[in-house]
Amino acid sequence: MTDAQKTAEDSTLRTPGDATEDPRPAPVPLLEPREGIPPVTATDEDLAQVVAAFAAGSGPVAVDAERASGYRYGQRAYLVQLRREGAGSVLIDPVACPDLSALGEAIADAEWVLHAATQDLPCLRDIGMLPASLFDTELAGRLAGFARVGLGAMVENVLGYALEKGHSAVDWSTRPLPEPWLRYAALDVELLVDLRDALEEELDRQGKLDWARQEFAAIAAAPPAPPRKDPWRRTSGMHKVRRRRQMAVVRELWTARDRVAQKRDVSPGKVLGDAAIVEAALNVPPNVHALTALSGFGHRMGRRQLEQWQAAVDRARALPESELPQPGQPLNGPPPPRAWADKDPAAAARLSAARAAVTALAEELHLPQENLITPDTVRRVCWEPPEATEQAVSEALAGYGARPWQVELVTPLLVRALSQ
């Protein structure tokens, strides 16, 4: 048994309902790599050795990926970390080795252990890696009732080790990657399987293991998210923009910025901030001189840049009324809950009763309300209610994607709420 495994076995899981912790806890030891920092795999020859080693390994595979959000365009992976019994830990450069499908196939039959899986699966899918089954330690922590479910907090609370901090938001597209960053990345998968084993035991103790397995299966089976419609509407500060002509300015500037960011492979926010886009939309400047006076378009910006942003504003100014964007996207589902009391008082009453019941049950089960059932599902059922019977409500919940454990627990609550 390794030291880490012994620590996991001896540690006490701090979940809701446990006794108050010692106000002066013992110092938590800093986690050290068991085999040192592995070299970065960056050639086809080295990758082939990694594939062979992981195919010959046993048990679950710890998987993590680092992106360069805030620095680069898109959400591609710039480092992939894996660990498996019998293979050890590896760090792979997916820029030098962009096709990891052979590695994905080599571990296809294994359970993949990830922390916050939905964050990493899209970029892993892009390089040919997709699990058939997985265990999400963050989601497991939520279901088990942990208040803090970040990887560092979970490793410390469950296994008694402290992870190094400070490199999660660095520019992982940097080459070569500094050794402290590589150390940080390797430690992210060092105890992930140990954490998985301890959380599985805790979920089983609480009678929630089957719930977790259903959630993990749903994540693994989920298709890629479709492209967002009108992504420019998500510009920060968009709520200030009221007029359709101003919305057109946001759309044109957002689209122009996205093209530049994609061409330069940099984060859109580094090309032009959301605040500057909104400022231009609110003022609709008629020329470059007026644009320069706005916040976000100062003297540090070159003439050519200013002209391209003004050209976007001019395109919006020139649009005929019929081509201006509408104030809001067509609603796919119920209106915002704040409008229910005016639009449908009976629906508002149903929603109030349903929310109260779901909140009470979630607190009783020591898990977040949104993990018991998504708020959107509750709103949809209350806005266009099925017949207030167990069968009809169960079918409605399943139709909205609720898992069987959620349907079983929530159906009686919603039947009562719909009967009021």
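Above this text sits the structure in question.
Residues numbered from 1 in each chain as written. Predicted model: local features only at pLDDT ≥ 70, side-chain atom pairs only at ≥ 80, totals over all residues. Heavy atoms only, no water.

1. Considering the packing of aromatic side chains
Thinking step 1. Summed over all chains, the structure comprises five aromatic pairs.
Thinking step 2. Each residue in the set W172, W181 and Y184 is aromatic and connected to the rest through ring pairs, giving one cluster.
Thinking step 3. Between R76 and the ring centre of Y78, over which it is positioned, the NZ or CZ distance is 5.0 Å. (Phe/Tyr/Trp six-rings, centres within 6.5 Å; stacked < 30°, edge-to-face > 60°. Lys NZ or Arg CZ within 6 Å of the ring centre and 35° of its normal.)

2. Brief notes about helix α5 (residues 137-144)
Thinking step 1. In terms of burial, α5 is largely enclosed, as seven of its eight residues are buried.
Thinking step 2. Between the side-chain oxygen of the N-cap and the backbone nitrogen of E138 there are 2.9 Å, and the N-cap of α5 in question is D136.
Thinking step 3. Following α5 by one or two positions, G145 has its phi on the positive side, about 95°. (Buried < 20%, exposed > 50% of the residue type's maximum accessible area, 1.4 Å probe, protein only. Helix = DSSP H or I, 4+ residues; strand = E, 2+ residues; numbered from the N terminus. Polar contact = N/O pair within 3.5 Å; in protein donor to acceptor, adjacent residues only side chain to side chain.)

3. A short note on the pattern of salt bridges
Thinking step 1. Under the criterion given, the structure shown has 23 salt bridges.
Thinking step 2. Where R72 meets D265, a salt bridge forms, and the shortest distance between an N and an O atom there is 3.5 Å. Linking R72 in the loop between β2 (58-67) and β3 (77-85) with D265 in the loop between α10 (244-264) and α11 (268-271), this pair joins segments that are 193 residues apart in sequence.
Thinking step 3. Under the relative-accessibility criterion, R72 is labelled partly exposed at 28%.
Thinking step 4. The class for D265 is partly exposed, based on a relative accessible area of 27%.
Thinking step 5. For E252, the salt bridge goes to R315, with nearest N and O atoms at 3.2 Å. Of the two residues, E252 sits in helix α10 while R315 sits in helix α14 (residues 303-318), which places them 63 residues apart along the sequence.
Thinking step 6. Relative accessible area serves as the criterion here: at 17%, E252 is assigned to the buried category.
Thinking step 7. Given the relative accessible area of 35%, R315 is considered partly exposed.
Thinking step 8. The network of salt bridges with common partners includes R34, E35, R83, E190 and D194. (Salt bridge = Lys/Arg side-chain N within 4 Å of Asp/Glu carboxyl O.)

4. A word on unusual backbone geometry
Thinking step 1. The amide bond that connects R175 to the next residue, P176, takes the cis arrangement and shows omega of -5°.
Thinking step 2. Here P176 lies in the loop between α6 (151-159) and α7 (179-190).
Thinking step 3. Positive phi is not limited to glycine here, since A116 has a value of about 60°.
Thinking step 4. As for its placement among the helices and strands, A116 is situated in the loop between β5 (111-114) and α4 (117-126).
Thinking step 5. According to the relative accessible area criterion, A116 is buried, its value standing at 6%.
Thinking step 6. Of note, H366 is a non-glycine position whose phi angle comes to about 55°, a positive value.
Thinking step 7. The residue H366 is located in the loop between α16 (345-365) and α17 (369-372) in this model.

5. A short note on the state of the cysteines
Thinking step 1. Applying the stated criterion across every chain, the model contains zero disulfides.
Thinking step 2. With no disulfide of its own, C123 lies closest to C97 among cysteine sulfurs, the gap being 16 Å.
Thinking step 3. Overall, the relative accessible area of 2% leaves C123 in the buried class. (Disulfide = S-S within 2.5 Å.)

6. Description of the packing of α10 against α14
Thinking step 1. Packing of α10 against α14 brings their axes to within 8 Å, and their N-to-C directions diverge by 145°. Once α10 is placed against α14, the crossing between them reads as right-handed. Mapping the contact onto sequence places R245, A248, V249, E252, L253, A256, R257, R259 and V260 in α10 and Q308, W309, A312, V313, R315, A316, R317 and A318 in α14.
Thinking step 2. Looking at side-chain class alone, the contact of α10 with α14 contains 10 nonpolar, one polar and six charged residues. (Axes fitted to C-alpha atoms, helices over the stretch in contact; angles between N-to-C directions. Left-handed = near helix turned anticlockwise from the far one by under 90°. Contact = heavy atoms within 4.5 Å. Nonpolar A, V, L, I, M, F, W, Y, C, P; charged D, E, K, R; others polar.)

7. Quick notes on the pairing of β2
Thinking step 1. Most of β2 sits out of view: seven of its 10 residues are buried.
Thinking step 2. Sheet topology note: the β2/β3 ladder contains eight bridges and is antiparallel. Paired with V61 across the bridge in β3 is R84.
Thinking step 3. Sheet analysis places β2 next to β5, joined by two bridges and oriented parallel. Residue V61 lies in a different strand from β5, and its bridge partner there is W112. (Pairing = 2+ DSSP bridges.)

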